[in-house]
Amino acid sequence: MIKFIISKIKKVIYPDPESEKAIMGSVVYCIHHKEGCQWSDELRKLKAHLNTCKHDAVLCAAHCGAMIPRVLMQDHLRYTCPRRRANCEHCHTEFSGSALEEHQGNCGHEPIYCENKCGAKVQRRHTQQHLQQHCSKRLVPCRHCGQKYTQDTVCAHGEGCARAPVPCPQRCAAPVPRDLLDAHLRDHCTAAALPCSFRDAGCRFKGSRQAVERHTEESCAQHLCLVSAVAARQARQLDALRAAVARLSLNCTGALVWRIADWTAKMAEAKCKDGVELVSPAFYTSQYGYKLQASLFLNGNGAGESTHMSVYIKILPGEYDALLRWPFAHTVSFTLFDQSSSPDRACNIVESFVPDPTWKNFQRPSKEPDALGFGFPRFVSHEMLKKRNFVKDDIMFLRVKVDPSKIVAV
Ligand SMILES: [Zn+2]
Ligand SMILES: [Zn+2]
Ligand SMILES: [Zn+2]
Ligand SMILES: [Zn+2]
Ligand SMILES: [Zn+2]
Ligand SMILES: [Zn+2]
Ligand SMILES: [Zn+2]
């Protein structure tokens, strides 16, 4: 404001030296009074003051072109002047201010974190070398299998790597890749104690491959003995199995339906030969019961010879006879089936008896099967056989039933 006044005054009242003198003698504040300069004196001394006023702006001493209050010049020169001189804190090179700003972020000496996030801090100029040679996250090949792993996991992988060599457990010379160990022990190991190939037959020999080969050549007779013993043992087992199967397939129901096929031929044979006897499969009255067998004379025997068909029951020596009651006292019935096509009109022939306890045949049988049975010499006459369908399609069915009840059908 005062400058303005001065210039106005100069223009307007310069011609009056007295007035100017008066104005120049008036007391004013420094133009930087508001910024904090306390100077106050006659106006004519202001110019001289401004030459030293620390708040007055002057050209930057480093010639950057900026006007800087004297009081801020040192800060400007040190920190903000683009032409200031400064050292990079990392490489300590001296730069002008603007060059330093460009340099920051590129300084090769500045430590920065590894881009692989291994956690290491390395100088920017060394990052390539770090990534290639030292970084714990760099990929390196497993030296056994060639697969790539980060450097900090490759060791752990190597311990379990399938291709890593392991010492042979039989302590032969060479280490073997882990995944080939089984094959090595089986086929190649020079120290393995291999079993003789007749081990399953009972040979206990063990040795290296060569020893086993030699042993096999030398032990033919011994091996044959072993194999033959095995065969004998297996034959005994087969017998036992057959017996078990036979036991399981036994008829233990106390009833037998006896199917007599080729009836005509059998009858013809019975007529021209004496005493032709057909015998049924054996059957049991129960699982641990009496063992029985039916016998049939198509052309009859005894009182029925040549005129009747005779039928008998025989008691065979059984496994459980020692535990059974003797004499045998079960009711026995024989049924000859009429195979008429309409079951309503079928007329079966049934004969049964309760054993006579005094009859020798019902005592416990000896080991020799008894030739004698007990039954009906005149069971069905030949006349009767022709009348109905007792033989159909050359087949006859005869049921033999044994039970502890005393009911007798006639
Ligand atoms: Zn001042
Ligand atoms: Zn400057
Ligand atoms: Zn630097
Ligand atoms: Zn790294
Ligand atoms: Zn590997
Ligand atoms: Zn080995
Ligand atoms: Zn052997």
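All figures in this text were calculated on a predicted structure; none of them were measured in a lab.

**Re the overall build of the protein chain**
Here is step 1 of the chain: A tally of helices and strands in the protein chain yields 12 helices and 23 strands.
Here is step 2 of the chain: In terms of overall size, the protein chain is more extended than a compact globule, its C-alpha atoms giving a radius of gyration of 65 Å where 410 residues would be expected to give roughly 22 Å.
Here is step 3 of the chain: Oriented by its inertia axes, the alpha-carbon framework of the protein chain measures out at about 195 × 70 × 40 Å.
Here is step 4 of the chain: Taken over 410 residues, the protein chain has a buried fraction of 12%.
Here is step 5 of the chain: A fraction of 37% describes how many contacts in the protein chain between residues 6 or more apart in sequence connect residues 24 or more apart.

**With respect to the UniProt feature "zinc finger region: TRAF-type" (unreviewed entry) in the protein chain**
Here is step 1 of the chain: As recorded in UniProt, the feature "zinc finger region: TRAF-type" (unreviewed entry) lies at residues 48-101, 103-154 and 156-213.
Here is step 2 of the chain: Segment residues 103-154 splits into 25% helix and 23% strand. End C-alpha atoms: 39 Å apart.

**Structural notes on the domain arrangement of the protein chain**
Here is step 1 of the chain: Along its sequence, the protein chain is organised into domain 1 (2-79) and domain 2 (255-403).
Here is step 2 of the chain: Computed over C-alpha atoms, the centres of domain 1 and domain 2 are 157 Å apart.

**Digging into the nonpolar core**
One recurring pattern in soluble globular proteins is that nonpolar side chains are buried together.
Here is step 1 of the chain: In this structure, L296, M309, V311 and L398 are the most contacted members of the largest nonpolar core, which totals 26 residues.
Here is step 2 of the chain: Those elements that provide at least two residues to this core are β17 (283-284), β18 (291-297), β19 (308-316), β20 (331-336), β22 (374-381) and β23 (396-403).
Here is step 3 of the chain: Examining the composition of this core, we find that 5 residues originate from one element, β19, more than from any other.
Here is step 4 of the chain: Leave out the neighbours within four places in its chain, and L296 touches L278, M309, V311 and L398.

**Notes on the pairing of β23**
Here is step 1 of the chain: Across the two faces of β23 the burial differs, with M396, L398, V400 and V402 buried and F397, R399, K401 and D403 not buried at all.
Here is step 2 of the chain: Bridge count between strand β15 (residues 255-260) and β23: 6 bridges; the pairing is antiparallel. Looking at the pairing, V257 lines up with R399 of β23.
Here is step 3 of the chain: Where β20 meets β23, 6 bridges bridge the pair, whose relative direction is antiparallel. By the bridge assignment for β23, L336 is matched with L398.

**Thoughts on the environment of V58**
Here is step 1 of the chain: If you trace the backbone, V58 turns up in strand β3 (residues 57-59).
Here is step 2 of the chain: Here V58 falls in the partly exposed class, since 14 other C-beta atoms lie within 10 Å of it.
Here is step 3 of the chain: Along the primary structure V58 and N299 are separated by 241 residues, whereas in three dimensions their C-alpha atoms are 158 Å apart.
Here is step 4 of the chain: Leave out the neighbours within four places in its chain, and V58 touches M67, I68 and R70.

**What about the sheet that holds β20?**
Two pairing modes exist for strands in a sheet, parallel and antiparallel, and in both the strands are linked by backbone hydrogen bonds.
Here is step 1 of the chain: An order of β15-β23-β20-β21 is seen for the 4 strands of this open sheet, with the pairing classed as antiparallel. Each edge of the open sheet carries a strand with a single partner, namely β15 and β21 (349-353). The sheet shows a mean angle of 15° between the axes of neighbouring strands, taken without regard to direction.

**Observations concerning the environment of C135**
Here is step 1 of the chain: The residue C135 is located in the loop between α6 (127-134) and β9 (139-141) in this model.
Here is step 2 of the chain: Assessed through the 22 C-beta atoms surrounding it within 10 Å, C135 is described here as buried.
Here is step 3 of the chain: In the structure, C135 is positioned 19 residues away from N116 in sequence and 7.9 Å away in space, judged by C-alpha atoms.
Here is step 4 of the chain: In contact with C135, other than residues within four places in its own chain, are C114, N116, C118, A120 and H130.

**Observations concerning the confidence of the model for the protein chain**
Here is step 1 of the chain: In this model, the protein chain carries an average pLDDT of 87, and 93% of its residues clear a pLDDT of 70 or more.
Here is step 2 of the chain: Looking across the protein chain, the model is least confident in helix α1 (residues 2-13), with a mean pLDDT of 46, and most confident in helix α11 (residues 263-272), with 95.
Here is step 3 of the chain: For the stretch residues 1-13, pLDDT sits under 50, and the model shows 5 contacts to residues farther than four places along the chain or on other chains.

**Structural notes on unusual backbone geometry**
Where the residue is not glycine, phi is negative for most of them; where a peptide bond is considered, it is trans in most cases.
Here is step 1 of the chain: Residue P327 is bonded to the preceding W326 through a cis peptide linkage, with omega at -5°.
Here is step 2 of the chain: Positive phi values are uncommon outside glycine, yet H92 reaches one of about 65°.
Here is step 3 of the chain: When you line up the elements, H92 lands in the loop between β5 (85-87) and β6 (94-96).

**Details of the environment of S208**
Here is step 1 of the chain: Note on placement: S208 falls in the loop between β14 (206-207) and α9 (209-218).
Here is step 2 of the chain: In the structure, S208 is positioned 106 residues away from E102 in sequence and 77 Å away in space, judged by C-alpha atoms.

Cut-off values and rules
- Residues numbered from 1 in each chain as written.
- Chains lettered and ligands numbered in written order.
- Predicted model: local features only at pLDDT ≥ 70, side-chain atom pairs only at ≥ 80, totals over all residues.
- Helix = DSSP H or I, 4+ residues; strand = E, 2+ residues; numbered from the N terminus.
- Rg over C-alpha atoms; globule rule 2.2 N^0.38 Å.
- Buried ≥ 20, exposed ≤ 12 C-beta atoms within 10 Å, placed from the backbone.
- Contact = placed C-beta atoms within 7 Å.
- UniProt positions renumbered as here; feature names shortened; annotations may be inferred.
- Domains from an automatic or database assignment.
- Core = buried A, V, L, I, M, F, W, Y, C linked by C-beta atoms within 7 Å.
- Pairing = 2+ DSSP bridges.
- Axes fitted to C-alpha atoms, helices over the stretch in contact; angles between N-to-C directions.
- pLDDT = per-residue confidence, 0-100.

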